[in-house]
Amino acid sequence: MNHHPRQREPRLSLLLYYLFKWSVVNPMLRGYFRGRIYGAENMPKAGPVLVVANHASDFDPPIVSSCVRRPVSYMAKQELFKVPVLAPAIRAYGAYPVKRGGSARGAIQAALQQLEKGWAVGVFLQGTRTRDGRIPEPKLGAAMIAAKAQVPLVPVSLWGTHRILPRGGKFPKPLPVTVRIGPSIAPPESTKDKAALRTLTEYCCDRIHAMHDLGR
């Protein structure tokens, strides 16, 4: 991706983002979860960017989007895009479909298309939720996307979200959550150097873990 024809998300997506943020997510994060946010100024206000984070809760995507002050586009399972009312809503919020069990190449291509449209694209480095918010086995997908698109990566640490909805629980607990956003990281120069992709991925993890270790 050598050019970026769009520098911002579609206007409808921005409108829905701010509506949802100020009516639901921010009041819940600031009030119910007593949320603390550090480093929001590190997030570019416009232009395509990859947001890389740890992941421990279904609440993580809206929390990240709220804290970085702009919509973040995440992949969602393809089945959700067949639900009549839900499909247009999640598309407007920037979700893009990925086939469960499909190829990594398809997921990467979908993310690149969102970046072309000016979105910030979110990638959880572990790929799935972890029990404690750590990233024991990070995937190389984010580094690969960043290298292909030549966009910066912004590391985000979510602290405390693993406890707000215990396994089997039906209602989130009012436990404290802290989000830290680190300075952006330059992308790898090439997708062909696997060692460089691994080094960058581990560096992103180290940055996220260092912020996570700061705790509350």
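Everything quoted here is computed from the prediction, not taken from an experiment.

Quick notes on the rules
Residues numbered from 1 in each chain as written. Predicted model: local features only at pLDDT ≥ 70, side-chain atom pairs only at ≥ 80, totals over all residues. Heavy atoms only, no water. Helix = DSSP H or I, 4+ residues; strand = E, 2+ residues; numbered from the N terminus. Buried < 20%, exposed > 50% of the residue type's maximum accessible area, 1.4 Å probe, protein only. Axes fitted to C-alpha atoms, helices over the stretch in contact; angles between N-to-C directions. Parallel < 35°, antiparallel > 145°, perpendicular 65-115°, else oblique. Left-handed = near helix turned anticlockwise from the far one by under 90°. Contact = heavy atoms within 4.5 Å. Nonpolar A, V, L, I, M, F, W, Y, C, P; charged D, E, K, R; others polar. Pairing = 2+ DSSP bridges.

**Q** Explain unusual backbone geometry residue by residue, including any values.
**A** Most peptide bonds take the trans form, and the phi angle of most residues other than glycine is negative. Although it is not a glycine, arginine 34 sits at a positive phi angle of roughly 50°. Inspection of the secondary structure assignment puts arginine 34 in the loop between helix 1 (11-32) and strand 1 (36-38). Exposure remark for arginine 34: the relative accessible area of 41% places this residue in the partly exposed category. Positive phi, close to 70°, is recorded for arginine 69, a residue that is not glycine.

**Q** Go over the packing of helix 4 (residues 104-116) against helix 5 (residues 141-149), please, and point to the residues and values.
**A** Between helix 4 and helix 5, the least distance of the axes is 10 Å, while the angle of their chain directions is 45°. Classed by the angle they form, the pair helix 4 and helix 5 counts as oblique. As helix 4 runs across helix 5, the sense of the crossing is right-handed. Of the residues in helix 5, those touching helix 4 at Ile108, Ala111, Leu112 and Leu115 are Met144, Ile145, Lys148 and Ala149. By residue class, the composition of the contact of helix 4 with helix 5 is 7 nonpolar, no polar and 1 charged.

**Q** Summarise the pairing of strand 8 (residues 178-181); cite the residues concerned and give the values.
**A** Side chains of strand 8 alternate between two faces, with Thr178 and Arg180 and Val179 and Ile181 buried alike. Where strand 1 meets strand 8, 3 bridges bridge the pair, whose relative direction is parallel. Considered in strand 8, the bridge of isoleucine 37 is made with valine 179. As paired elements, strand 7 (residues 153-159) and strand 8 share 4 bridges and run antiparallel to each other. Of the residues in strand 8, the one forming a bridge with leucine 158 is valine 179.

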